[in-house]
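The lines below spell out each chain.
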Amino acid sequence: MRSSAASSSLVVVLSAASARAATQSLWGQCGGIGWTGATECVSGAYCFQQNNWYYQCLPGTGTTTSTTAKATTSSSSSTAAATQPGTTLVTSVLTTTTKAASTSTSTSAAAATTSASAGGGETCPTIPTSLGAAVSTLPDPFTFAGGTKVTTKAQWACRQQEISQLFQKYELGTLPPKPTVSASYSGTTLTITASTGGKSVSLSVTINKPSSGTAPYPAIIAYGSYGASIPVPAGVATILFNNDDVAAQTDGTSRGKGKFYDLYGSGHSAGALTAWAWGVSRIMDGLELLKAQTNIDPARIGVTGCSRNGKGAFVAGALEPRIALTIPQEGGAGGSGCWRVETWQNANGYSVQDAKEIVGENVWFSTNFNAYVNSINTLPFDHHMLAALVSPRPLYVIENTSMEWLGKVSTYTCMAAARKQYQALGALDSFGYSQVGGHDHCSFPSSQSTELNAFIGKYLLGNANAGSTNVLRTDQSPVPSVDTWAPWAVPNLV
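Residues numbered from 1 in each chain as written. Predicted model: local features only at pLDDT ≥ 70, side-chain atom pairs only at ≥ 80, totals over all residues. Heavy atoms only, no water.

> How would you summarise the nonpolar core if you had to cite specific residues and measurements?
Core analysis: the largest hydrophobic core is formed by 99 residues, its most contacted members being Leu190, Ile221, Phe241, Trp276, Trp278, Ile283 and Leu287. Residue contributions to this core peak at eleven residues, all from helix H5 (residues 272-289). Judged by nonpolar contacts, the second largest core, of 15 residues, contains Ala324, Tyr396, Leu460 and Val471. (Core = buried A, V, L, I, M, F, W, Y, C linked by side-chain atoms within 4.5 Å. Buried < 20%, exposed > 50% of the residue type's maximum accessible area, 1.4 Å probe, protein only. Helix = DSSP H or I, 4+ residues; strand = E, 2+ residues; numbered from the N terminus.)

> Can you explain the pairing of strand E14 (residues 325-329)? Please cite residues and give values.
Counting buried residues in E14 gives five out of five residues, a clear majority hidden from the surface. Neither face of E14 is left uncovered, since the one carrying Leu325, Ile327 and Gln329 and the one carrying Thr326 and Pro328 both have all their residues buried. Pairing analysis gives five bridges linking strand E13 (residues 296-306) to E14, with the strands arranged parallel. Its bridge partner being in E14, Cys306 is matched across the sheet by Gln329. Considered for its hand, the β-α-β crossover made up of E13, helix H7 (residues 308-319) and E14 is right-handed. With two bridges connecting them, E14 and strand E15 (residues 395-399) associate as parallel partners. Looking across to E15, one finds that Gln329 is bridged to Ile398. (Pairing = 2+ DSSP bridges. Right-handed = clockwise from strand over helix to strand, strands pointing away.)

> Give me the state of the cysteines: which residues, what numbers.
Taken as a whole, this structure holds four disulfides when the rule is applied. Disulfide pairing places Cys124 opposite Cys158 at an S-S distance of 2.1 Å. Disulfide Cys124-Cys158: the torsion about the S-S bond is -75°, which places it as left-handed. Here Cys158 lies in helix H2 (residues 153-172) and Cys124 lies in the loop between strand E7 (87-96) and H2, a separation of 34 residues in the sequence. In this pair, the class of Cys124 matches that of Cys158, namely buried. Here Cys338 engages in a disulfide with Cys414; their sulfurs sit 2.0 Å apart. A torsion of 65° about the S-S bond marks the disulfide between Cys338 and Cys414 as right-handed. Of the two residues, Cys338 sits in the loop between E14 and helix H8 (339-347) while Cys414 sits in helix H11 (residues 408-424), which places them 76 residues apart along the sequence. We note that Cys338, like Cys414, is buried. (Disulfide = S-S within 2.5 Å.)

By themselves these figures say nothing about function.
Written as structure tokens, this is what we have:
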């Protein structure tokens, strides 16, 4: 008679074999350290290494990255125990140990001076240690800091690594590597505990499941404890993320306060936006650990927020590659707006939030950014390149022409420039920017419902016929010229 331990082992082996035999959907995860799911992509897509932790099914016929040894450095365990009659507490823990490698693709800025390896065997250039020449137009995303042009998708992955490191070094602060994570689920509450350096913190989110649809459900992580300000269609769950608990944002006195800083120290370089993105990553870890218990599909997760939380949602989509759909709403400066255009606007009679104002208002950015707010043209990036970190994953940006403070010229030109990056990747169907006025801040006009439903329908609900997701529109007149700010040529990356 087979022992219970042997039976359990057999179940695990069979489950892993079944997962390997399956195919992953477009944009879904197909590998990475700790990944035990499908490693083959559906027809018309290939498995691309975004980093050591995350491989993704991208459209096209690129070289599929080997996935033979992705799950060898992690282990997980799961237990269940009754806490009171009618309530079950399910817990799971994931411990990750990685070996040091000379070709690290860590997003930590500590690795900024080393070379890294992208998918397909591409060796990435060394991250520059100096700013380079100042430029008054938006920096060319298709040119490495060292001057080399980006001509392939593999090189684009290297350029994304470079852009991420530059953002973290000069503006956002460092995103720490993944800690040890455990999770529990009871009722509607998912609790995630992160541990590193002998310290631990826990954060909890509320999962509201839909009354219709098929489990496991897609879900949208909504910044703020009151839910999404966008209308969430049927069949999609919402996950309420109290981002202020992770990093406070009352005013300038909030620096270093919140659970992120309890874990990493009040003097950590990360601003609140980066700390929140770290929190979103921990939510993703919890969902992956407890998919069976939560009935939430971690491969179909969106993130949204409005105003300051819209800035946060954008940064989360940029720094967390497991997010399937990023929907920043009315983030303005520090989100979908470009610093250079905002500076120009204020010099030409407008009144918009810009870099000089924003660092005095709150603690959203690293203190490293303070040194550059009066010389913004010296930065080797701008926020069209924040969208570069999301690409080619779906991005739908919502802005409001009736809120001058948001910078209607800045957000339009910045995101029109961002769209060129999706164009180069052959992914225009994954990019949307919609700017409509005539409504209050953070209220959602019905005129944008068709676009929103198309993005959620196509990229979270899996409905290929949900509608057009190739969107670039504004109701402002005249329409600003994007080519004035983004004069660089758009390559056809292969």
